[in-house]
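Listed below are the residues making up each chain.
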Amino acid sequence: MLTGVKTADNCTAMLIQQVRYGNIDILVPRREGAGAGIYRPHLRAKFEPDIFGRKTSEEIEEKIDRIWETKSAENNRLYNASKFRLAGCEALQGTLLLHFGLTCYKDMCGTNLSESSSSLQAKGAKDFSNKQAYMSDAVGVGLLPVTCDGCLVVTRRAMWTGEYPGALDRPGGHPEPSRIFLPDGSLKPDHAARNIEEAVAQEVWESASQEAVDELGIGKGDIGDVMFLGVTQNLEAGGRPTLEFFARLGVSGERVATVYELGMQAEAEESSSVHLLPPPTLAHLSRLLQPYTLTGGSEKPVEHSAGPVDEDVHFKEARWLLQEATPALRASLILALKNNLLSSSP
């Protein structure tokens, strides 16, 4: 599970549950007595690059350089940039405190996304009793959007993307250190009124909705209150972490499709199509994902093809969604179902 997960002994207001869904580890935080999800005041950041950075060696750096040279030669759209590294989290004084360092996309390609990720994890466990010690663990974010008429919005990832090309996904990407930091590590003028850790927390929070704006073409004002659902770790990618968010949109599915088809969004090239899953389709997700009720322990995936006899078009569409989804999308759907966010009327 996620390294560095702690629950403060003197704090009972934040509950943290850890479960496994197939190839995804899921951390579910919940404020005691509160409703679904966590809102911005209850998410904080601890930013210490020297403490929360990854471990390395000359041999590891040489391998990362070789992997990056190969990957960037094969795909000229890839570029390196600074990213936040998620090193752990803890429940503290009624809030969820996320631990961040710095890493970069190149390092993620050379660690989490490399063929030797499992050996790096084994080395980390041996050298530091921490299997993620040598991993980049560049943290991603994703936003699960539901329109005002109850449709879930997903996109088809472009075939050139470095991870899960052609799969269905929720809008997602990375919080960007370059949005808040100058090259010397100081805060940009727009963020100078905040302390560094508050600026980091705000960038992490806002980046989820910004990804929806950049990928779908909707306005930021079209996105309602955002809530944080949980942390996932993709075991297929060396435990790569993502932060999953949810929001209801103030526009209809038809409007989302119309705006998307204009192709004017900032990141139009990152996806090839948009798909709207209506409420009758979403109603089947809890049935298909019934084994993953997040009651604790490890769960073994079931074959989604083992459906009921009365498979209608909506059941088939729900099953198609899960079969085509990235691991992060599947995990975010489980988190949304856990919080009763897909089963209620819009």
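Predicted model only: the values in this text are computed from it and were never measured.

1. A closer look at the pattern of salt bridges
For step 1, the next point in the chain: Evaluation of the coordinates by the stated rule reveals 15 salt bridges.
For step 2, the next point in the chain: When the shortest N-O distance is used, the salt bridge between Lys83 and Glu176 registers 2.9 Å. Of the two residues, Lys83 sits in strand E5 (residues 82-92) while Glu176 sits in the loop between strand E10 (172-173) and helix H5 (196-216), which places them 93 residues apart along the sequence. There is no split in this pair, since Lys83 and Glu176 are both buried.
For step 3, the next point in the chain: Salt-bridge contacts for Arg156 lead to Glu324; the nearest nitrogen and oxygen are separated by 2.7 Å. On the criterion of sequence distance, the pair formed by Arg156 in strand E8 (residues 152-157) and Glu324 in helix H9 (residues 313-324) is long-range, its members being 168 residues apart.
For step 4, the next point in the chain: Classification of Arg156 by relative accessible area gives buried; the value is 16%.
For step 5, the next point in the chain: For Glu324, a relative accessible area of 30% corresponds to the partly exposed category.
For step 6, the next point in the chain: In this structure, a network of salt bridges that share partners links the residues Arg157, Asp169, Arg170 and Glu244.

2. Considerations on the environment of Ala325
For step 1, the next point in the chain: Inspection of the secondary structure puts Ala325 in the loop between H9 and helix H10 (327-338).
For step 2, the next point in the chain: Given a relative accessible area of 6%, Ala325 falls into the buried group.
For step 3, the next point in the chain: Residues Ala325 and Gly166, spaced 159 residues apart in sequence, show a C-alpha to C-alpha distance of 9.4 Å.
For step 4, the next point in the chain: Those residues in contact with Ala325, other than ones at most four positions away along the chain, are Leu168 and Arg330.

3. Comments concerning the side chain of Asp107
For step 1, the next point in the chain: With respect to the helices and strands, the residue Asp107 is situated in helix H3 (residues 105-110).
For step 2, the next point in the chain: Excluding residues that lie within four positions of it along the chain, Asp107 makes contacts with Arg54, Ile64 and Ser136.

4. Details of unusual backbone geometry
For step 1, the next point in the chain: Even without being glycine, Ser129 reaches a positive phi, approximately 55°.
For step 2, the next point in the chain: At Asn340, a residue that is not glycine, the phi angle is positive and equals roughly 60°.
For step 3, the next point in the chain: Locating Asn340 in the fold gives a position in the segment after H10.

5. Remarks on the packing of aromatic side chains
For step 1, the next point in the chain: The tally for this structure, following the rule as stated, stands at seven aromatic pairs.
For step 2, the next point in the chain: When the ring of Phe47 is compared with that of Phe181, the centres are 5.5 Å apart and the planes differ by 25°; the resulting orientation is stacked. Taken together, the residues Phe47 in strand E4 (residues 43-47) and Phe181 in the loop between E10 and H5 connect sequence positions 134 residues apart.
For step 3, the next point in the chain: For Phe47, a relative accessible area of 12% translates into the label buried.
For step 4, the next point in the chain: Considering the side-chain rings of Trp68 and Tyr105, the 6.2 Å spacing of their centres and the 80° angle between planes classify their relative orientation as edge-to-face. Taken together, the residues span a long stretch of sequence, with Trp68 in helix H2 (residues 58-74) and Tyr105 in helix H3 at a distance of 37 residues.

6. A few points about the packing of H9 against H10
For step 1, the next point in the chain: It is at 8 Å that the axes of H9 and H10 come closest, and there the two elements cross at 130°. Considering the angle they form, H9 stands oblique to H10. Mapping the contact onto sequence places Leu321, Leu322 and Gln323 in H9 and Leu329, Arg330 and Leu333 in H10.
For step 2, the next point in the chain: Residue composition of the contact of H9 with H10, by class: four nonpolar, one polar and one charged.

7. Structural notes on H2
For step 1, the next point in the chain: Over its 17 residues, H2 runs 25 Å from end to end, which matches the ideal 24 Å to within 8%, given 1.5 Å per residue.
For step 2, the next point in the chain: Here H2 has its buried residues at Ile60, Ile64 and Trp68. Down the axis of H2, the smallest arc covering the buried residues is 70°, so these residues share one side. Among the exposed residues of H2, those pointing more than 90 degrees away from its buried face are Glu58, Glu59, Glu69, Ala73 and Glu74.
For step 3, the next point in the chain: Along its buried surface, H2 packs onto H3 and helix H4 (117-128).

8. Quick look at the confidence of the model for the protein chain
For step 1, the next point in the chain: Predicted confidence across the protein chain gives a mean pLDDT of 89, with 88% of residues reaching 70 or more.
For step 2, the next point in the chain: The low-confidence segment residues 8-12, where pLDDT is below 50, has six contacts with residues more than four positions distant or belonging to other chains.
For step 3, the next point in the chain: For the stretch residues 293-309, pLDDT sits under 50, and the model shows 40 contacts to residues farther than four places along the chain or on other chains.

9. Details of the environment of Arg287
For step 1, the next point in the chain: Looking at the element boundaries, Arg287 is found in helix H8 (residues 285-288).
For step 2, the next point in the chain: Exposure remark for Arg287: the relative accessible area of 46% places this residue in the partly exposed category.
For step 3, the next point in the chain: In sequence terms Arg287 and Ala318 are 31 residues apart; their C-alpha atoms lie 9.8 Å from each other.

What counts as what
- Residues numbered from 1 in each chain as written.
- Predicted model: local features only at pLDDT ≥ 70, side-chain atom pairs only at ≥ 80, totals over all residues.
- Heavy atoms only, no water.
- Salt bridge = Lys/Arg side-chain N within 4 Å of Asp/Glu carboxyl O.
- Helix = DSSP H or I, 4+ residues; strand = E, 2+ residues; numbered from the N terminus.
- Buried < 20%, exposed > 50% of the residue type's maximum accessible area, 1.4 Å probe, protein only.
- Contact = heavy atoms within 4.5 Å.
- Phe/Tyr/Trp six-rings, centres within 6.5 Å; stacked < 30°, edge-to-face > 60°.
- Axes fitted to C-alpha atoms, helices over the stretch in contact; angles between N-to-C directions.
- Parallel < 35°, antiparallel > 145°, perpendicular 65-115°, else oblique.
- Nonpolar A, V, L, I, M, F, W, Y, C, P; charged D, E, K, R; others polar.
- Expected span 1.5 Å × (residues − 1).
- Arc of directions from axis to C-beta.
- pLDDT = per-residue confidence, 0-100.

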